[in-house]
Amino acid sequence: MSDSELVSQRRANFEELLALGIRPYPNAYDATHRVADIVATYGEHAGEALEAEHVPVRAAGRILGLRTFGKANFLVLSDGVATLQVYIRQDSVPAEAFAMFKLLDFGDQVGVEGRLFRTRTNELTIWASGLTFLAKSFLPLPEKWHGLQDIETRYRQRYLDLIVNPDARRVFDVRARTLKTIRGFLDARGYLEVETPMMQSIAGGALARPFVTHHNALDMKLYMRIAPELYLKRLVVGGMDRVYEINRNFRNEGISTQHNPEFTMLEFYQAYVDYEHLMRLTEEMFAEVALQTIGTTDLTFGEHAISFAAPFRRLSLRHAAAERASERLQRSVDVDMLRDEATARSIATALGLAVPEGVGAGKIATEIFEALCEDDLIQPTFIYDFPTEVSPLSKQKPDDPDTVERFELYAGGFEVANAFSELNDPSAQRRRFEGQLADRARGDAEAHQMDEDYIRAGKGSASTASSCCSPTAPASAT
RNA sequence: GCGCCUGUAGCUCAGUCGGUAGAGCAGCGGCCUUUUAAGCCGUUGGUCGUGGGUUCGAGUCCCACCGGGCGCACCA
């Protein structure tokens, strides 16, 4: 049977409804409850209690199930969050309502008026006394048991996925609660939420390839931002000592279930604190988000049980890399060996890693870490003290110029946050940018571009400050 | 970009050694006044991703292209 035939059958049912004098698209339905509210409020009430209370309800929703028995029928009503059964007896509803019911299709929307009771099998149900037609679904929906499996269809026809797969809605719910919790957490600590430019003349603040666009009136090439960092830091220069932004960033790179070209990220800045402070703040925030969104800090991610109870484990990057390299190579590798370019390079080669010429010890150490350690960081772990070479915007440690005060948080094998003490010496910042330009000249397309305005802003005296950014994928909370 | 897998009814999937297209659900017509993936009887529905090739004969084998999934690379 062709698609159009299934559609025309539904259309025929619709025509019959019109012939009955049913108003096809009413402007509103005066519901007393949402389906989810009824389930939440009366889900635990016993049948006798419901009979005694005689609870009257009117609720609207989509028909996600039909079980017909001639004169006694059941339909499953969904409001997108919860489902509730409706019992429709021929002798309990007006004749025209019963005639209308017989023309309903899976997917149609109706309003139901009635009272709550429990069936013999103890299921909470509305005993319908009235039925109102609200909207026709002309699309044949996926079957109820296997649902919609095809991943492409699920993403391209998200409405179908939402109708038939309850988990699809849950992702939206968890995401919304996550963002709400983060905002509440930061607002309560005196942070101000801002929005900064998404189209920038220089795409800076991160190492990534940007999308390019064009402004007609200015006849000017613009980049979609890869990070809000440099603009947020300008606000810090202007005296905003605690700011954050939750918004989209655009990176012109590979697409996968873990990498969306346009993704939402949180970035926040706090003046007069260093990265130690941010580590404590970050672990508090993750624990709070977990508690507020799923009610516990202990969750299951894939095959792993993960605990987001603070404090999190801490491990320096070079220690993590050296430890793993030792295990892998069956010989002693220590942190100092990773600070010497020739030695680090020979270790990388022994590990089978291809390291380009002209790359320093810092970048080599970072590559060893990424290749050997990342996937195994299941429990939340702060990896801290990054090589200066890979961190052009971070402040060096007072006693170690090759190392910056920076950390990344890992959980479930993913990087979930990146933070550092902000470099606020404009002369040092210029030298760092120049180093990046040299990398770019050697062919590193992701090296940072020079940003004169950012340096000029820095000359206006940026506070000592720290910032943290984190993609707000619900992966951390599901 | 590379590798592996995949595309058959609205949905979920079978289809053996190459022999002329199948099931369940959905739909349609019946029966049934507390069902739970309701059940029972009957029944409709296909350009087997597209194009070429091999063959007496292709859903099946070969080639190309298109779409999709996973892994790698890149990256968050």
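Residues numbered from 1 in each chain as written. Chains lettered and ligands numbered in written order. Predicted model: local features only at pLDDT ≥ 70, side-chain atom pairs only at ≥ 80, totals over all residues. Heavy atoms only, no water.

**Structural notes on the overall build of chain A**
Inference 1: Looking only at helices and strands, one finds 14 helices and 19 strands in chain A.
Inference 2: With the C-alpha coordinates of chain A rotated into their principal frame, the extents come out at 85 × 55 × 50 Å.
Inference 3: In chain A, which comprises 478 residues, the share counted as buried stands at 47%.
Inference 4: Taking as baseline every contact in chain A between residues at least 6 positions apart, the subset at least 24 positions apart corresponds to 64%.
Inference 5: Between the centroid of the 53 positive side chains of chain A and the centroid of its 69 negative side chains there is a distance of 3 Å. (Helix = DSSP H or I, 4+ residues; strand = E, 2+ residues; numbered from the N terminus. Buried < 20%, exposed > 50% of the residue type's maximum accessible area, 1.4 Å probe, protein only. Contact = heavy atoms within 4.5 Å. Lys, Arg positive; Asp, Glu negative; His and termini not counted. Charge placed at Lys NZ, Arg CZ, Asp CG, Glu CD.)

**Observations concerning the pairing of strand β12 (residues 298-301)**
Inference 1: Pairing of β12 with strand β13 (residues 304-307) involves 4 bridges; the strand directions are antiparallel. Within the sheet, the bridge partner assigned to Asp 298 lies in β13 and is Ser 307.
Inference 2: Between β12 and β13, which follow one another and run antiparallel, lie 2 residues, and Gly 302 among them has a positive phi close to 60°. (Pairing = 2+ DSSP bridges.)

**Brief notes about the packing of aromatic side chains**
Inference 1: Considering all chains together, one arrives at 15 aromatic pairs under this definition.
Inference 2: Ring geometry for Phe 14 against Tyr 25: centres 5.9 Å apart, planes inclined by 55°, an arrangement best described as tilted. Note that Phe 14 is positioned in helix α1 (residues 3-19) and Tyr 25 in the loop between α1 and α2 (35-42), a separation of 11 residues in sequence.
Inference 3: Between the aromatic rings of Phe 14 and Phe 138, the centroid separation amounts to 5.3 Å while the plane-to-plane angle is 90°, which identifies the pairing as edge-to-face. Of this pair, Phe 14 sits in helix α1 while Phe 138 sits in the loop between β5 (124-135) and α5 (151-156); the two residues are 124 residues apart in sequence, bridging distant segments of the chain. Here Phe 14 matches Phe 138 in class, with each residue buried.
Inference 4: Within the aromatic cluster, the residues linked to one another by ring pairs are Phe 69, Phe 74, Tyr 87, Phe 117 and Trp 127.
Inference 5: Taking NZ or CZ as reference, Arg 189 lies 3.6 Å from the ring centre of Phe 185, over its face.
Inference 6: Above the ring of Tyr 231, the side-chain terminus of Arg 234 is found at 4.6 Å from the ring centroid. (Phe/Tyr/Trp six-rings, centres within 6.5 Å; stacked < 30°, edge-to-face > 60°. Lys NZ or Arg CZ within 6 Å of the ring centre and 35° of its normal.)

**Details of the sheet that holds strand β9 (residues 220-224)**
Inference 1: An order of β7-β9-β8 is seen for the 3 strands of this open sheet, with the pairing classed as antiparallel. The two strands at the open ends of the sheet, each matched to only one other strand, are β7 (199-200) and β8 (212-215).
Inference 2: In this structure, β8 lies alongside β9, joined through 4 bridges in antiparallel fashion. What sits directly across from His 215, in β9, is Met 220.

**Digging into the sheet that holds strand β1 (residues 56-68)**
Inference 1: Spatially, 5 strands are ordered β1-β2-β3-β5-β4 in a closed barrel, and the strand pairing comes out mixed. Strand-to-strand twist in this sheet, taken as the mean axis angle between neighbours without regard to direction, amounts to 55°.
Inference 2: Bridging between strand β2 (residues 72-78) and strand β3 (residues 83-89) involves 7 bridges; their strand directions are antiparallel. Bridging from a neighbouring strand, Ala 72 pairs with Arg 89 of β3. (Axes fitted to C-alpha atoms, helices over the stretch in contact; angles between N-to-C directions.)

**A few points about the nonpolar core**
Inference 1: If you look at the biggest cluster of nonpolar residues, it comprises 34 residues, and the most contacted ones within it are Ile 38, Ile 88, Leu 116 and Leu 131.
Inference 2: Residue assignment for this core shows that the elements contributing at least two residues are α1, α2, β1, β2, β3, α4 (95-101), β4 (109-118) and β5.
Inference 3: For this core, the element with the most residues is β5, which contributes 5 residues.
Inference 4: Among all residues touching Ile 38, those that are not within four sequence positions of it are His 33, Gly 43, Val 57, Ala 59, Leu 84, Leu 116, Leu 124 and Ile 126. (Core = buried A, V, L, I, M, F, W, Y, C linked by side-chain atoms within 4.5 Å.)

**Regarding the packing of helix α7 (residues 166-187) against helix α9 (residues 275-294)**
When two helices pack together, their arrangement is captured by the angle between the axes and the distance separating the axes.
Inference 1: One can describe the packing of α7 onto α9 by two numbers: an axis separation of 9 Å at closest approach and a directional angle of 135°. Regarding the angle of α7 to α9, the classification is oblique. Remark: the crossing between α7 and α9 carries right-handed chirality. Mapping the contact onto sequence places Arg 170, Val 174, Arg 177, Thr 178, Thr 181, Ile 182, Phe 185 and Leu 186 in α7 and Leu 281, Glu 284, Met 285, Glu 288, Val 289, Gln 292, Thr 293 and Ile 294 in α9. (Parallel < 35°, antiparallel > 145°, perpendicular 65-115°, else oblique. Left-handed = near helix turned anticlockwise from the far one by under 90°.)

**Re the confidence of the model for chain A**
Inference 1: A residue-level look at chain A finds 94% of positions with pLDDT of 70 or above and a mean pLDDT of 87.
Inference 2: Under the prediction, the complex receives an ipTM of 0.86, its pTM being 0.85. (pLDDT = per-residue confidence, 0-100.)

**Considerations on the pairing of β3**
Inference 1: The element β3 is largely enclosed, with a buried count of 5 among its 7 residues.
Inference 2: Joining the antiparallel neighbours β2 and β3 is a turn of 4 residues, in which Gly 80 adopts a positive phi near 95°.
Inference 3: For β3 and β5, the ladder comprises 3 bridges, and the chain directions are parallel. Its bridge partner being in β5, Tyr 87 is matched across the sheet by Trp 127.

**A short note on unusual backbone geometry**
Inference 1: Between Ala 310 and Pro 311 the backbone carries a cis peptide bond, its omega angle lying at 0°.
Inference 2: Take Pro 311: it is sitting in the loop between β13 and β14 (313-316).
Inference 3: A positive phi is found at Asp 219, a non-glycine position, where the angle reads about 45°.
Inference 4: Here Asp 219 lies in the loop between β8 and β9.
Inference 5: Classification of Asp 219 as exposed rests on a relative accessible area of 61%.

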